[in-house]
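Inside the fold
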Amino acid sequence: MITKKNILNIEDYKPGKSIDSLEKGCGKKKPIKLASNENPLKVSKKVIKAIKDSLNKINRYPDNSAEILTEKLSQKFSVDTSSIIIGNGSDDIISMLCQAFLDSESKVIMSESSFSMYEICSLIQGAKIVKVPLKKDSYETNLNEIHAKISKDVRIIFLTNPNNPTGLAIEEKELENFLKTVPENIVVVIDEAYIEFSCAKSAVNYLKSFKNIVVLRTFSKVYGLAGLRVGYGFMASDIAKVLNKVKIPFSCNNLAQVGAIAILEDKEFFDETIKIIKEGKKFFISEFEKLNLKYIKTEANFFMIDIKRNADAFCDKMLQEGIAIRSMSAYNLPTSIRVTIGTKKENLSFIKTFKKIY
Ligand code: PMP
């Protein structure tokens with residue numbers, strides 16, 4: 001076996017554990033998972049019904065172009081169907097982008113503390129990574145510094161808005177000015193996995209002005225379908241054509257397509273999610289302030305907090321008490337943790353355990 005050299009040194013993606021493996025791992029009957037920024041509500045009833053109704057079709061391959069879902073997204077966002085790509089989660093589209101635009105001669109620019117799949121997928125293609133630290137103290141994405149790192153070999157710039165793990169959004173004017181300065185041959189990916197929770201303006205509005213942007217969205221967060229794996233991207237049709245060349249056939253399965261179509265019509269579920277996250281945010285902020293903690297004013301469904309001590313050890317202790325949260329050590333923030341906003345009950349349990357360990 002002769003593995004490609006660039007793959008040998010890649011660190012595996014570190015996923016949040018599933019509820020079942022958490023239960024085994026921490027020995028608690030009902031562990032609370034606040035580690036993967038999932039939707040804390042139960043699955044939409046409309047989705048369950050739609051999936052049950054289509055179970056008898058899984059002997060057939062799915063619609064490769066996910067025509068109905070694409071059409072629905074096209075109407076919702078007023079974007080032509082030729083500019084939409086559906087993937088097996090937005091991870092899949094990140095991977096397609098890297099396959100399509102990167103090789104060992106290319107460079108990719110990303111924030112030092114942002115979603116790890118950008119780095120993994122880029123390294124798989126042998127590309128060189130240029131990491132830009134977040135702004136000191138404010139933790140904001142440093143667009144000036146990203147701009148300063150642009151060189152002739154750069155093929156992709158990854159931005160996350162709002163960012164994971166900080167939850168901070170990029171200021172609208174700042175993003176627009178940045179996009180104006182990026183050479184057209186560089187693809188700027190704006191990952192909006194959490195934008196529904198924020199007040200930030202979506203870059204979908206810039207698709208007509210900037211032909212080199214790709215806007216990523218997902219059904220895993222606000223729509224509560226993380227287990228189905230559906231993501232979508234908006235881009236100029238020229239970029240979509242290229243991605244279709246590397247897309248794995250039938251990557252978005254039957255049930256995922258049906259579930260995504262159903263959730264788009266469940267406004268009640270969407271509104272309830274936003275309400276629960278807003279309430280949870282308020283609760284966390286009041287508790288963090290009482291504890292004098294340095295938290296970031298998130299625009300997403302999670303908080304990043306600098307606990308001023310070893311985050312790995314802290315998260316292990318929380319896990320022993322049945323609460324799964326994330327250490328940010330892998331994001332080069334070794335004293336910070338990230339906690340997803342859950343249901344009222346989950347948030348209370350988190351705070352209670354947090355106080356005990358802290
Ligand atoms: N982008 C960001 C910023 C994320 O945090 C995540 C998931 N944690 C993803 C993309 C991947 O989402 P999906 O489930 O659609 O693959």
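One can find the structure itself at the top, above this paragraph.
For the structure given in this document, a descriptive report is provided here. (Residues numbered from 1 in each chain as written. Predicted model: local features only at pLDDT ≥ 70, side-chain atom pairs only at ≥ 80, totals over all residues. Heavy atoms only, no water.)

Description of the overall build of the protein chain
Regarding its fold elements, the protein chain presents 13 helices and 13 strands. Seen through its C-alpha atoms, the protein chain measures out along the principal axes to roughly 55 × 55 × 50 Å. Out of the 358 residues in the protein chain, the part that is buried amounts to 52%. The long-range share in the protein chain, meaning contacts at least 24 apart out of those at least 6 apart in sequence, stands at 71%. (Helix = DSSP H or I, 4+ residues; strand = E, 2+ residues; numbered from the N terminus. Buried < 20%, exposed > 50% of the residue type's maximum accessible area, 1.4 Å probe, protein only. Contact = heavy atoms within 4.5 Å.)

Considering the environment of I146
Within the secondary structure, I146 sits in helix α7 (residues 143-148). Setting aside chain neighbours within four positions, we find I146 in contact with I109, S111, V132, T141, I157, L159 and F178.

A short note on the site of the ligand
Taken together, 14 residues form the shell around the ligand, and within it S90, D191, Y194, T218 and S220 come nearest. N164 is positioned with one of its side-chain polar atoms (N or O) 2.8 Å from an oxygen atom of the ligand. Measuring from an oxygen atom of the ligand, one finds a side-chain N or O atom of R229 at 2.7 Å. Protein contacts shield 93% of the accessible area of the ligand, which totals 400 Å² for the unbound molecule. In a pocket analysis with a 2 Å cut-off to the grid points, the ligand is assigned to the largest pocket. Of the residues contributing to the shell around the ligand, the split by class is 4 nonpolar, 6 polar and 4 charged. (Near = heavy atom within 4 Å. Polar contact = N/O pair within 3.5 Å; in protein donor to acceptor, adjacent residues only side chain to side chain. Areas by Shrake-Rupley, 256 points an atom, 1.4 Å probe, with all protein chains shown as cover. 1 Å grid on protein atoms, 1.4 Å probe; cavity = no way out; pocket = protein on both sides within 12 Å on 5 of 7 lines; lining within 4 Å. Sits in = over half its atoms within 2 Å of the grid points. Nonpolar A, V, L, I, M, F, W, Y, C, P; charged D, E, K, R; others polar.)

Quick notes on the layout of surface pockets
Space inside the largest pocket adds up to approximately 1,200 Å³. Contributing to the lining of the largest pocket are 50 residues, with K33, S36, N37, E38 and A226 lying nearest its centre. Secondary-structure elements contributing two or more residues to the lining of the largest pocket are α2 (19-26), β1 (32-33), α3 (45-54), α5 (90-101) and β13 (336-340). The element contributing the most residues to the lining of the largest pocket is α3, with 3 residues. Grouping the amino acids of the lining of the largest pocket by side-chain chemistry returns 21 nonpolar, 15 polar and 14 charged. Each pocket or cavity is described by its volume, and for the second largest pocket that value is around 880 Å³. Forming the boundary of the second largest pocket are 33 residues, of which K14, R326, S327, A330 and Y331 lie nearest the centre. Going through the elements one at a time, β3 (107-111), α6 (117-124), α12 (311-320) and β12 (326-327) are the ones with two or more residues in the lining of the second largest pocket. (Points joined across faces, edges and corners; volume = space filled by probe spheres on them.)

Some words on the state of the cysteines
Summed over all chains, the structure comprises 0 disulfides. Sulfur of C98: no disulfide; nearest cysteine sulfur belongs to C121 and is 5.1 Å away. Classification of C98 as buried rests on a relative accessible area of 0%. Here C252 is not disulfide-linked; the sulfur of C121 is the nearest cysteine sulfur, at 18 Å. (Disulfide = S-S within 2.5 Å.)

Distances and angles like these do not, on their own, reveal function.
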